[in-house]
Amino acid sequence: MAAEPIINTTNGADNKQEVDVLIVGAGPSGLMLATWLSKLKIKTRVVDKRGTKVFTGQADGVQCRTVEVFQSFGFAERLVKEGAHINEVVFWNPSPEAPEGEKGIVRTKRTADNEPGTSRFPHAVLTQGRIERFMLDSMKEFDNLTVERSLLPTSLSLAPSTSLTDYPITVTLRHLTEEEATPTQVGTVPNGMFRSNLMKDDSEDARVREDAKVGETETVKAKFVVGCDGARSWVRKELGLALSGDSANVYWGVIDVLPLTNFPDIRLKCTIHSEKEGSVLIVPREKGLVRFYVQLGDTEAGSRVDRTAITPESIIAKAKAIMAPYELDCPFIEWWTVYEIGQRICTTVSKDNRIFLAGDAFHTHSPKAGQGMNISMMDTYNLGWKLAGVLKGTLQPSILDTYTSERVQTAQELIDLDWTLSRLFSGKKTGKDKEESVEDKVEFRDFFIKLGKWASGTACQYKPSPLCIANDEAEKLAAGLPLGMRFESQQVVSIADARPWHLADRFESDGRFRVVIFAGDLRKKEKKNRLAKVAAYLDSPSGPLRKYTPKNGEIDSVVEVITVMSNPRISVEPNDFPDVLWPAKGQYGVRDYCKLYADDDTYFAGHGHIYEKLKIDPVEGCLVVVRPDQYVAQVTRVDEFEKLGSFFDAFMIEQH
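Residues numbered from 1 in each chain as written. Predicted model: local features only at pLDDT ≥ 70, side-chain atom pairs only at ≥ 80, totals over all residues. Heavy atoms only, no water.

1. Regarding the nonpolar core
Counted only if it meets this: Side-chain atoms within 4.5 Å link the members of a nonpolar core, which is a set of buried Ala, Val, Leu, Ile, Met, Phe, Trp, Tyr and Cys residues. Residue exposure (1.4 Å probe, protein chains only): buried if accessible area is under 20% of the type maximum, exposed if over 50%, otherwise partly exposed. Contacts are assigned to residue pairs with any non-hydrogen atoms lying within 4.5 Å of each other.
One finds Ile131, Phe513, Ile517, Phe577, Leu581 and Phe648 to be the most contacted residues of the largest nonpolar core, which totals 112 residues. Those residues within four positions of Phe648 in sequence are excluded, and the remaining contacts are Phe513, Val515, Pro544, Tyr548, Val559 and Val625.

2. Notes on the pattern of salt bridges
Selection criterion: Throughout this description, the term salt bridge denotes a Lys or Arg side-chain nitrogen within 4 Å of a carboxyl oxygen of Asp or Glu. Only DSSP runs of H or I reaching four residues or more are called helices, and only runs of E reaching two or more are called strands; each is numbered from the N terminus.
Within this structure, the stated rule accounts for 41 salt bridges. Of the charged contacts in the structure, one is a salt bridge between Asp556 and Lys585, with a shortest N-O distance of 2.8 Å. With Asp556 in the loop between α13 (544-548) and β23 (559-565) and Lys585 in strand β24 (residues 584-585), this pair connects stretches of sequence that are 29 residues apart. Between Asp629 and Arg627 there is a salt bridge, with the nearest N and O atoms lying 2.8 Å from each other. Residues Asp629 and Arg627 agree in their burial class; the two are buried. What you see here is one network of salt bridges that share partners, running through Asp510, Arg512, Arg514, Asp556, Glu560, Lys585, Asp592 and Lys595.

3. Quick look at the packing of aromatic side chains
Let me state the cut-off plainly: Any two of the Phe, Tyr and Trp rings considered here, Trp counted by its six-membered ring, make a pair once their centres fall within 6.5 Å; the pair's planes then place it as stacked at under 30 degrees, edge-to-face at over 60, or tilted in between.
According to the stated counting rule, one finds 25 aromatic pairs in the structure shown. Measuring from ring centre to ring centre gives 5.4 Å for Trp36 and Phe73, while their planes differ by 85°; the resulting arrangement is edge-to-face. Remark: Phe73 occurs in helix α2 (residues 64-73) and Trp36 occurs in helix α1 (residues 28-39); sequence separation between them is 37 residues. One exposure class covers both Trp36 and Phe73, and it is buried.

4. Points about unusual backbone geometry
In this model, Ala324 is joined to Pro325 through a cis peptide bond whose omega is 15°. Positionally, Pro325 belongs in the loop between α6 (312-323) and β16 (328-345). Phi at Ser150 is positive, roughly 60°, even though this residue is not glycine. In this model, Lys615 sits at a positive phi of 60°, which is unusual for a non-glycine residue. Turning to its location among the elements, Lys615 is positioned in the loop between α14 (610-613) and β27 (622-626). Accessibility expressed as a relative area gives 53% for Lys615, which makes it exposed.

5. Details of the sheet that holds strand β20 (residues 491-494)
Keep this limit in mind: When DSSP finds two or more bridges between a pair of strands, those strands are recorded as paired. The axes used here are C-alpha line fits, helices contributing only the stretch in contact, and every angle between their N-to-C directions lies in the interval 0 to 180 degrees.
Ordered in space as β21-β20-β26-β23-β22-β27-β28, the seven strands form an open sheet in which the pairing is mixed. At either margin of the open sheet sits one strand with a lone partner, and together these are β21 (500-502) and β28 (632-636). On average, each strand axis in the sheet is inclined to that of its neighbour by 30°, with strand direction left out of account. Pairing of strand β22 (residues 513-520) with β27, which is carried by five bridges, proceeds in the antiparallel orientation. Of the residues in β27, the one forming a bridge with Val516 is Val624. Docked against the sheet, helix α15 (residues 642-649) engages β22, β23, β27 and β28, running at close to 150° with respect to β28.

6. Points about the confidence of the model for the protein chain
Heads up, the condition is: The pLDDT value tells you how sure the predictor is about a given residue, anywhere from 0 up to 100.
For the protein chain, per-residue confidence averages 88 on the pLDDT scale, and residues scoring 70 or more make up 85% of the total. Between residues 1-10, whose pLDDT stays under 50, and residues either more than four places distant or in other chains, the model counts 29 contacts. Low pLDDT, under 50, characterises residues 191-198; the predicted model gives this stretch 28 contacts beyond four residues in sequence or across chains.

7. Side note on empty space enclosed by the protein
As a reminder of what qualifies: Buriedness for pockets is judged along seven lines, at least five of which must meet protein on both sides within 12 Å for an open set on the 1 Å grid over protein atoms alone, while cavities are sets there where a 1.4 Å probe fits but cannot get out, and lining residues have an atom within 4 Å of a point. Grid points are joined across faces, edges and corners, and a volume is the space filled by probe spheres set on the points. Amino acid classes used here: Ala, Val, Leu, Ile, Met, Phe, Trp, Tyr, Cys and Pro are nonpolar; Asp, Glu, Lys and Arg are charged; the rest, including Gly, are polar.
With the rule as written, the count across this model stands at four cavities of 30 Å³ or more. Within this model, the largest cavity holds a volume of roughly 70 Å³. Breaking the lining of the largest cavity down by element, the ones donating at least two residues are α7 (372-392) and α8 (401-425). A class-by-class count of the residues in the lining of the largest cavity yields five nonpolar, three polar and one charged.

8. Concerning the sheet that holds strand β4 (residues 84-86)
Across the sheet, which stays open at both edges, the three strands sit in the order β3-β7-β4 with antiparallel pairing between neighbours. Looking at which strands have only one partner, the edges of the open sheet turn out to be β3 (61-62) and β4. Across two bridges, the pairing between β3 and strand β7 (residues 123-125) is antiparallel. Bridge pairing in β7 links Val62 to Ala124.

9. Regarding α1
Applied cut-off: Here the expected length of a helix is defined as 1.5 Å per residue gap, with one fewer gap than residues.
Here α1 contains twelve residues, and its C-alpha end-to-end distance of 16 Å stays within 8% of the 16 Å for a straight helix at 1.5 Å per residue. With eleven of twelve residues buried, α1 is to be regarded as a mostly interior element. When α1 is considered as a whole, its buried residues turn out to be Pro28, Ser29, Gly30, Leu31, Met32, Leu33, Ala34, Thr35, Trp36, Leu37 and Ser38. Just downstream of α1 lies Lys41, where phi reads positive at about 60°.

10. Quick look at the environment of Ile517
With respect to the secondary-structure elements, Ile517 resides in strand β22. When the C-alpha positions of Ile517 and Cys622 are compared, they lie 6.4 Å apart, and in sequence the two are 105 residues distant. Those residues in contact with Ile517, other than ones at most four positions away along the chain, are Leu531, Val534, Leu538, Val561, Ile562, Thr563, Val564, Leu581, Cys622 and Leu623.

11. With respect to the pairing of strand β14 (residues 279-284)
Within β14, six of the six residues are buried, leaving the element largely enclosed by the surrounding structure. Side chains Ser279, Leu281 and Val283 of β14 all project onto a buried face; the interleaved residues Val280, Ile282 and Pro284 project onto the opposite face, where all are buried too. Where strand β13 (residues 269-273) lies against β14, four bridges are found, and the strand directions are antiparallel. Note that in β14 the partner of Ile272 across the bridge is Val280. Between the antiparallel neighbours β13 and β14 lie five residues, among them Gly278 with a positive phi of about 115°. As paired elements, β14 and strand β15 (residues 290-298) share five bridges and run antiparallel to each other. Its bridge partner being in β15, Ile282 is matched across the sheet by Phe292.

Following this line, the structure appears as structure tokens:
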């Protein structure tokens, strides 16, 4: 039987007392989830206790993989244009030739920031406030969704329920005063809300709006709640959960400045280890800014640093000492903060698959690996399409179990990596028995280089599950598309109009699965006949297209099929392909020409060589299932097309 609609898709409705999803927290993880849900037309509310968005400081590194995700939503170009690009990492260490008693550092190695070929997009650096701006604009564009600010949740309850038509979660919200909604300021230099350097499109959000309901409370009923409310998560505490982990007992200062210096690598990402003064990480920023991560000192086990004793001037003074004999002056300071290194995790991230935690609400770590904002956004990028599929009645609710298994795994891997990196950076011992010496700076350098795959965001590999089917043959069929990893995009050319495309640009974040048919060489009769059999199965009542597409839905609205042949573009005609592979759609039955591609040369962009780069046999080809978040879910032989049905049967809901 077809699933009944269970969502209200109007985010502009006056009645906000019942919502499908309530998001608590409008930082990067909350806004990524809101972007997903607005794109998929899920009735959503986003509340945040702050009176305004972030404008300066906070996180700034955007991994290649995150830029790929932004591309799938349509706003990567804004980031690439505005942000600084990190192309090279330079290592500086104490100079062995410096006279005794004098300070000195020397450049010891250069390396690519990411391994060449990792992604077509750069590692970009741009203040978190601008990243949030891009998502806020997309939310508004997709479904008129905005953040409701100066709202604080005060109570949370979950009633037993097995029906997705129910609203079992009750949340009480209180409208805050402007004073309550303003973050605490430390010191005399603005450290998070400085507004003199705003972009034009941020200026309206800098004004705290008057709230006629100050002091009042309201009650919201929701089907799902997601706590994206940071390391001190109110949602996590309401669930009776806590972060666990340890601290390196080291504290660092972070400061964004316009520097005047004779240090030659100030516009490159640099790690600097001095002989006795500590370490600095330099990250070039947009608009001439540079961020310094400066090692300030140690704390006793169990104690906390007195932040009031630290000033921007003291952070700069320490940086000068580490970088000596190079000069450093900072006439303009945009933002600064102090943090203590620690790695903590909460391995329980959901309550009855109704209330979820994401981002810093369940994992925290040091910022030097450039992971925090990125991993947090990837948490909700993983969760968003699953929630939407369940709410729309196309995915079984059990699919939500994979959020815990996939993202806790990823967070733990990151914390283990960060534990080693942060101690190496601070000159601490990394052995769990605390006996291993790491005084040799070569160990740090080599580890930092190995970090590259993680730093690009492309190292994440999900373990076997209903959404990632283990297959002994998969590596032989497509060694360049490891199961459980993101689909590595390569160029193809449209058969219809000769336009070159990166294949992943066809994988928009729209909630659909993709079946990519690497059809091999269709000039061979047996391969053409084989493709016809695949198409006939896909178009049959038992195939996943007909079986899981809602009544009156377009044939590709749940599962889209894309075909890539290895033979030249002009060696076959579009009319040679079965109808289901380029279906007639819409009111007028216009053919969808954007589904047929060749691995061939182009007039202006060269040859993509996708078969070669993904290590797929150009004659035999293979079938690849790609999830809505662009992760590889299944790889099979082309003649094993019925395995596609078995894959989707495990978690989808039949519609007819």
